[in-house]
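# Chain and residue survey
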Amino acid sequence: MCGRYYVDEIHRIAKNTGFSFRTGDIRPSETAVVFDHRSGKLVAENMVWGYPGYQGKNLLINARSEGILEKQTFRDDILARRCVIPAKGFYEWSAQKEKYWFEDGSPILFLAGCFNAQRKFVIITTSANASVLPIHSRMPLLLSENEMEGWLFDEDLMKTKTVLQKTPQLLNRQTDYEQLSFFS
């Protein structure tokens, strides 16, 4: 699951667009920049993180990659409205409520997502890789910069299906909470 992420330098992609975007921690229900496509071009725009939940309760902030093509809530959106969420990194919390930071050392991580007709987005998650698994069983589906175009512009869904099944690259993990033991 991904319940918060951090954005700082996305100027490299959004440069010369005249587009204003928010930086810092991004939480569910907040507005954030995402990249999608229109008329064959990469477009940056602000959208709200989270779909309305069942009967308007709670927010759906993540969609599982394994069933996204079958789930009625997400099917039309993954087929026609895929997006990329730029982030410096993301946070996960352990079962002991300890917050961990994940990033790969690059200026931008690209999180796979989709959005609905109301311009609300979700982050697609997958099974955690070896770097995240000790903390949480799920993590965002990460795209390489080379996969972005294929993810956004894939009309026959061949590249999309491949990306939905991939294991994300390993990440660096940090926490402010280091468990100390007085016993060996």
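Residues numbered from 1 in each chain as written. Predicted model: local features only at pLDDT ≥ 70, side-chain atom pairs only at ≥ 80, totals over all residues. Heavy atoms only, no water.

## Quick look at the pairing of strand 1 (residues 4-7)
Short version of the rule: Pairing between two strands requires that DSSP report at least two bridges joining them. The helix and strand labels rest on DSSP assignments: H or I over at least four residues marks a helix, E over at least two residues marks a strand, and numbering proceeds from the N terminus.
In the sheet, strand 1 pairs with strand 9 (residues 89-93) via three bridges, with the strands oriented antiparallel. Across the sheet, Tyr5 pairs through a bridge with Phe90, a residue of strand 9. With three bridges joining them, strand 1 and strand 2 (residues 24-26) adopt antiparallel strand pairing. In the strand pairing of strand 2, Tyr5 is matched with Ile26.

## Points about the pattern of salt bridges
Which entries qualify depends on this criterion: Any Lys or Arg side-chain nitrogen located within 4 Å of an Asp or Glu carboxyl oxygen qualifies as a salt bridge. Relative accessible area decides the class of each residue, using a 1.4 Å probe on protein chains only: under 20% of the type maximum gives buried, over 50% gives exposed, and in between gives partly exposed.
Here the structure, examined in full by the defined rule, presents eight salt bridges. Asp36 is the partner of Arg119 in a salt bridge, and the nearest nitrogen-oxygen pair spans 3.4 Å. One end of the pair, Arg119, is in the loop between strand 11 (109-115) and strand 12 (120-127); the other, Asp36, is in strand 3 (residues 31-38), and 83 residues separate them in sequence. You can call Asp36 buried: its relative accessible area is 1%. With a closest N to O distance of 2.4 Å, Arg38 and Glu45 form a salt bridge. According to the relative accessible area criterion, Glu45 is buried, its value standing at 11%. One connected set of salt bridges, linked through shared partners, spans Asp36, Arg38, Glu45 and Arg119.

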